[in-house]
Amino acid sequence: MSPQAMLSSLEHLVVAAALRLPDAYGAAIVTEIESQTSRIVPAGSLYVTLDRLQRRGLVTTYAGEPVPGRGGRPKRIVEVTAEGRAAMARYREACLRMWSGIEGDLGDAVGAR
């Protein structure tokens, strides 16, 4: 597996959020990541990450319908490509391999939020 094939942790979260959401766009992705992980994601970091994912062919984006509440600006809708889904599968498998056998070493921290 090439180093380019592996997702960063933020890329993983962005792709996962885009897969989870029926209408994946910037603010919704940020809200999903923050609500599920308590990780603060600045909008600038999200859009840099989306641009990188798009260059790599892992997501596509397109302009949705103009939204009156956004001053008539459209949302940037995000869709995960087949390559993006495959990258997520590789990331998951790599994480599972790394986690194998260490759960017991974490003691009471496992499952704590």
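Only a predicted model underlies this, so the values are computations on that prediction, with no experimental measurement involved. (Residues numbered from 1 in each chain as written. Predicted model: local features only at pLDDT ≥ 70, side-chain atom pairs only at ≥ 80, totals over all residues. Heavy atoms only, no water.)

**Focus: unusual backbone geometry**
Where we set the bar: Each helix is a run of H or I in the DSSP string that is no shorter than four residues. Each strand is a run of E no shorter than two, and both are numbered from the N terminus.
Here the phi dihedral of Ser38 falls at roughly 65°; this positive angle occurs in a residue that is not glycine. Among the secondary structure elements, Ser38 is positioned in the loop between α2 (26-37) and α3 (43-55).

**Concerning the packing of helix α1 (residues 9-20) against α2**
Our working definition: Working convention: axes come from line fits to C-alpha atoms, limited for helices to the stretch in contact. Angles between N-to-C directions cover 0 to 180 degrees. For classification purposes, an angle smaller than 35 degrees is called roughly parallel, one larger than 145 roughly antiparallel, one from 65 to 115 roughly perpendicular, and anything else oblique. For this analysis, residues touch if any pair of their heavy atoms sits within 4.5 Å. As a working rule, the residues Ala, Val, Leu, Ile, Met, Phe, Trp, Tyr, Cys and Pro are called nonpolar, Asp, Glu, Lys and Arg charged, and the rest polar, with Gly in that last group.
Axis separation between α1 and α2 bottoms out at 9 Å; the angle between their running directions is 105°. It follows that α1 is roughly perpendicular to α2 by the angle criterion. Contacts between α1 and α2 involve Leu13, Val14, Ala17, Ala18 and Arg20 from the first element and Ile29, Glu32, Ile33, Gln36 and Thr37 from the second. Across the contact of α1 with α2, the residue classes break down as 6 nonpolar, 2 polar and 2 charged.

**As for the nonpolar core**
Threshold: What makes a nonpolar core is a set of buried Ala, Val, Leu, Ile, Met, Phe, Trp, Tyr and Cys residues whose side-chain atoms join them at distances within 4.5 Å. Relative accessibility decides the category of a residue: with a 1.4 Å probe and only protein chains considered, values under 20% of the type maximum give buried, values over 50% give exposed, and everything between is partly exposed.
Judged by nonpolar contacts, the single largest core of 27 residues is most densely connected at Leu7, Val14, Ile29, Ile33, Leu46, Leu53 and Val78. Sorting the residues of this core by element identifies α1, α2, α3, β2 (74-80) and α4 (82-99) as the ones contributing at least two each. Looking at this core element by element, the count peaks at 7 residues for α1. Among residues more than four places away in sequence, those in contact with Leu53 are Leu7, Glu11, Val14, Val15, Leu58 and Val59.

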